[in-house]
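Working through the structure, step by step
What follows is the residue order along each chain.
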Amino acid sequence: MTESLTYKNILAGAEQQGDDDKGYKEAYLGDHIRFKMKREGKRFWAGDNISDYLHEGDIEKLIDEATPAFEQVLDSLLIDRENDPNSKGTARRLAKMYFNEIMAGRYEPAPDATAFPNDSADRYEGMLVVRSELRSMCSHHHQPVTGVAYIGIIAAAKLIGLSKYTRIAQWCARRGTLQEELCNDIAREISKATASDNVGVYLRMTHGCCENRGIMAHDSSTTTTVLKGAFNKDAGTKKEFFDTLSLQESNKR
């Protein structure tokens, strides 16, 4: 089924039903969602979250639709998935892996970061630095990107649980992205969850696209930093952040 034909079926169904959520029986669910996002001007790049366009049970349907596409890829690679015991079922495993694991951050809503008030007389006004282990995927070659994030904030009017920093960072990482984009994404989401304008994020990652192909690097370790508010403007705050993460890094080696 071509994309243009699919869109024609979708439009015809929508006109007959007069409802955006009806009349799509002839089209694939993925085509319906893609059409709706295009119509509403929603960007759906590899690093974007599209959970607002999914309903309960949609992921299983999308996995069902993606499985034949992965079968076609294996067939194009001339892999005998019918007789090779290691390749039987690989197409569905790939589909499930993309939706449920390595790109799950695209399809799941943001983690529920329950906040606690930080406005009493003895409120915490210091710096908090959390180390988070991350796994992501390069959107260019779909190779693994792994490493750690150091997330620092100056406490504001609310605090979130320590595990939530890592959950938010992992949610941002589990998509196709670039390290520079990921660093920005984590800083933005942490600022949103904590209501703090003073956020620092430092990423140290290794890249499969450099180690498993191309230059075949022995060590592709790459660092990126995003500094907001006091982390960027105040020399003392910046120094404390980097001194703290250096100490944590040295303790982990």
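What comes next concerns the included structure. All values reported here derive from a predicted model rather than from experimental measurement.

1. Structural notes on the pattern of salt bridges
Summed over the entire model, instances satisfying the criterion amount to 14 salt bridges. Residues Arg 81 and Asp 75 are paired through a salt bridge, measuring 2.8 Å at the closest nitrogen-oxygen approach. Taking the relative accessible area as the measure of exposure, Asp 75 reaches 36% and is therefore partly exposed. Linking Arg 123 and Glu 125 is a salt bridge whose minimum nitrogen-to-oxygen distance equals 3.2 Å. Judged by its relative accessible area of 27%, Arg 123 falls in the partly exposed class. By relative accessible area, Glu 125 is classed as exposed at 54%.

2. Observations concerning the environment of Ser 51
Assignment of secondary structure puts Ser 51 in the loop between α2 (29–39) and α3 (58–76). A C-alpha to C-alpha distance of 5.4 Å links Ser 51 and Glu 108, two positions 57 residues apart in sequence. Within polar-contact distance, the side chain of Ser 51 engages the side chain of Asn 49 at 2.7 Å.

3. Topic: the pairing of strand β2 (residues 127–138)
In terms of strand pairing, β2 meets strand β3 (residues 144–154) through 11 bridges, oriented antiparallel. Within β3, the position partnered with Glu 133 by the bridge is Val 148. Between the end of β2 and the start of β3, which pair antiparallel, lie five residues, with His 142 showing a positive phi angle near 55 degrees. Two strands pair when backbone bridges link them, and β2 and strand β5 (residues 176–177) are joined in this way by two bridges, in the parallel orientation. When the bridges of β5 are listed, Cys 138 appears paired with Thr 177.

4. With respect to the packing of helix α6 (residues 162–173) against helix α7 (residues 179–194)
Look at α6 against α7: their axes get within 9 Å of each other, and the N-to-C directions meet at 140 degrees. The angle between α6 and α7 places the two elements in the oblique class. In this structure, the crossing between α6 and α7 has a hand that is right-handed. Across the interface between the two elements, Tyr 165, Ile 168, Ala 169, Trp 171, Cys 172 and Ala 173 from α6 touch Leu 182, Asp 185, Ile 186, Glu 189, Ile 190, Ala 193 and Thr 194 from α7.

5. Description of the side chain of Asn 49
Mapped onto the fold, Asn 49 is located in the loop between α2 and α3. Separated by 3.5 Å, the side chain of Asn 49 and the backbone oxygen of Arg 106 make a polar contact. What Asn 49 contacts, discounting residues up to four positions off in sequence, is Lys 42, Gly 105, Arg 106, Tyr 107, Glu 108, Trp 171 and Arg 175.

6. A short note on helix α4 (residues 90–102)
Spanning 13 residues, α4 covers only 16 Å between terminal C-alpha atoms, well under the ideal 18 Å at 1.5 Å per step. Along its length, α4 reaches its greatest deviation from straightness, about 25 degrees, at Lys 96. Of the surrounding secondary structure, the elements contacted by the buried residues of α4 are α3, α5 (104–107) and β2.

7. Some thoughts on the nonpolar core
Ranked by size, the top nonpolar core spans 27 residues in total, and within it Leu 134, Leu 182, Ile 186, Ile 190 and Leu 203 carry the most contacts. Secondary structure elements with two or more residues in this core: β2, β3, α6, α7 and β6 (199–207). Membership of the second largest hydrophobic core comes to 18 residues, among which are Tyr 53, Leu 62, Phe 70 and Met 103.

8. Section: the packing of α2 against α3
Describing two packed helices takes the angle between their axes plus the distance from one axis to the other. Where α2 contacts α3, the two axes come as close as 9 Å, and the packing angle between them is 115 degrees. The angle between α2 and α3 falls in the class roughly perpendicular. Residues Leu 29, Gly 30 and Ile 33 of α2 pack against Asp 58, Lys 61, Leu 62 and Glu 65 of α3. Classifying every residue of the contact of α2 with α3 by side-chain character gives three nonpolar, one polar and three charged.

Calculation criteria
- Residues numbered from 1 in each chain as written.
- Predicted model: local features only at pLDDT ≥ 70, side-chain atom pairs only at ≥ 80, totals over all residues.
- Heavy atoms only, no water.
- Salt bridge = Lys/Arg side-chain N within 4 Å of Asp/Glu carboxyl O.
- Buried < 20%, exposed > 50% of the residue type's maximum accessible area, 1.4 Å probe, protein only.
- Helix = DSSP H or I, 4+ residues; strand = E, 2+ residues; numbered from the N terminus.
- Polar contact = N/O pair within 3.5 Å; in protein donor to acceptor, adjacent residues only side chain to side chain.
- Pairing = 2+ DSSP bridges.
- Axes fitted to C-alpha atoms, helices over the stretch in contact; angles between N-to-C directions.
- Parallel < 35°, antiparallel > 145°, perpendicular 65-115°, else oblique.
- Left-handed = near helix turned anticlockwise from the far one by under 90°.
- Contact = heavy atoms within 4.5 Å.
- Expected span 1.5 Å × (residues − 1).
- Bend = angle between axes of the 7 residues up to and from the residue.
- Core = buried A, V, L, I, M, F, W, Y, C linked by side-chain atoms within 4.5 Å.
- Nonpolar A, V, L, I, M, F, W, Y, C, P; charged D, E, K, R; others polar.

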